[in-house]
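Residue-level structural notes
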Amino acid sequence: MNTMSNYDKLKGKWKHVSPWDSDDYLALYEISGTELAPLVTGVDLNDSEAFVISEISWSNDILSFESYMPSTQRKGLNKFFLNANGKISSEFTFTVIEELERENT
């Protein structure tokens, strides 16, 4: 009988499944800690730049955290959960701040 918690099943190193249509998403995450004190680190596999990870929480079998990439200033909200295949499904919502200029017509 497997008594391992879903959080314990998430522990370890995880990378995105290729192929992707952009190199922006080739990341490696490491999950450790406990349900009460979850830890996440992340690194861009293209250039080894580390993500700044904050606001980590574990609730309702979902690991949530914010990520920030200093070089691109891209911030994101990440939600990880185990899927039926024993892999992580990742929901990533990011914010892009852009500058627009008036179109002269």
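Residues numbered from 1 in each chain as written. Predicted model: local features only at pLDDT ≥ 70, side-chain atom pairs only at ≥ 80, totals over all residues. Heavy atoms only, no water.

Helix and strand content of the protein chain: one helix and seven strands. Starting at the N terminus and ending at the C terminus, the protein chain contains elements arranged as α-β-β-β-β-β-β-β. Compactness check: the protein chain gives a C-alpha radius of gyration of 16 Å against a globular reference of 13 Å for 105 residues, more than 25% above the reference. Taking the principal axes of its C-alpha atoms as reference, the protein chain extends roughly 70 × 30 × 25 Å. Within the protein chain, the fraction of its 105 residues that count as buried is 21%. Nonlocal contacts in the protein chain, meaning residues at least 24 apart in sequence, comprise 21% of its contacts between residues at least 6 apart. Carbon and sulfur atoms form 49% of the exposed surface of the protein chain, whose accessible area is close to 7,900 Å². (Helix = DSSP H or I, 4+ residues; strand = E, 2+ residues; numbered from the N terminus. Rg over C-alpha atoms; globule rule 2.2 N^0.38 Å. Buried < 20%, exposed > 50% of the residue type's maximum accessible area, 1.4 Å probe, protein only. Contact = heavy atoms within 4.5 Å. Areas by Shrake-Rupley, 256 points an atom, 1.4 Å probe, with all protein chains shown as cover.)

On to the sheet that holds strand β1 (residues 12–15). Within the open sheet, the three strands sit side by side as β1-β2-β3. Their pairing is antiparallel. Of all strands in the sheet, those bounded by a partner on one side alone are β1 and β3 (38–44). With direction set aside, neighbouring strand axes in the sheet form an average angle of 20 degrees. In this structure, strand β2 (residues 27–33) lies alongside β3, joined through seven bridges in antiparallel fashion. (Pairing = 2+ DSSP bridges. Axes fitted to C-alpha atoms, helices over the stretch in contact; angles between N-to-C directions.)

Let us look at the sheet that holds strand β7 (residues 88–95). Strands sit in the order β4-β5-β6-β7 across an open sheet of four strands; the sheet is antiparallel. Unpaired on one side and paired on the other, β4 (52–59) and β7 mark the two borders of the sheet. Ignoring strand direction, the axes of neighbouring strands in this sheet form an average angle of 15 degrees. Of the pairings in the sheet, the one linking β4 to strand β5 (residues 62–69) comprises six bridges and is antiparallel in character. Of the residues in β5, the one forming a bridge with I53 is S67.

In summary, soluble globular proteins display a tendency toward joint burial of nonpolar side chains. One finds Y29, I31, L63, F65 and F80 to be the most contacted residues of the largest nonpolar core, which totals 14 residues. Contributing elements (two or more residues each) for this core: α1 (6–10), β2, β4 and β5. Once residues within four sequence positions are removed from consideration, Y29 is found in contact with G12, K13, W14, H16, V40, T41, G42, F51, F65, N78 and F80. (Core = buried A, V, L, I, M, F, W, Y, C linked by side-chain atoms within 4.5 Å.)

Attention now goes to the side chain of E49. Here E49 lies in the loop between β3 and β4. Notably, E49 is buried but unbridged: the nearest opposite-charge side chain belongs to R74, and the N-O separation is 11 Å. There is a polar contact of 2.6 Å between the side chain of E49 and the side chain of S71. E49 has contacts with G42, V43, D44, M69, P70 and S71, leaving out every residue within four places of it along the chain. (Lys, Arg positive; Asp, Glu negative; His and termini not counted. Salt bridge = Lys/Arg side-chain N within 4 Å of Asp/Glu carboxyl O. Polar contact = N/O pair within 3.5 Å; in protein donor to acceptor, adjacent residues only side chain to side chain.)

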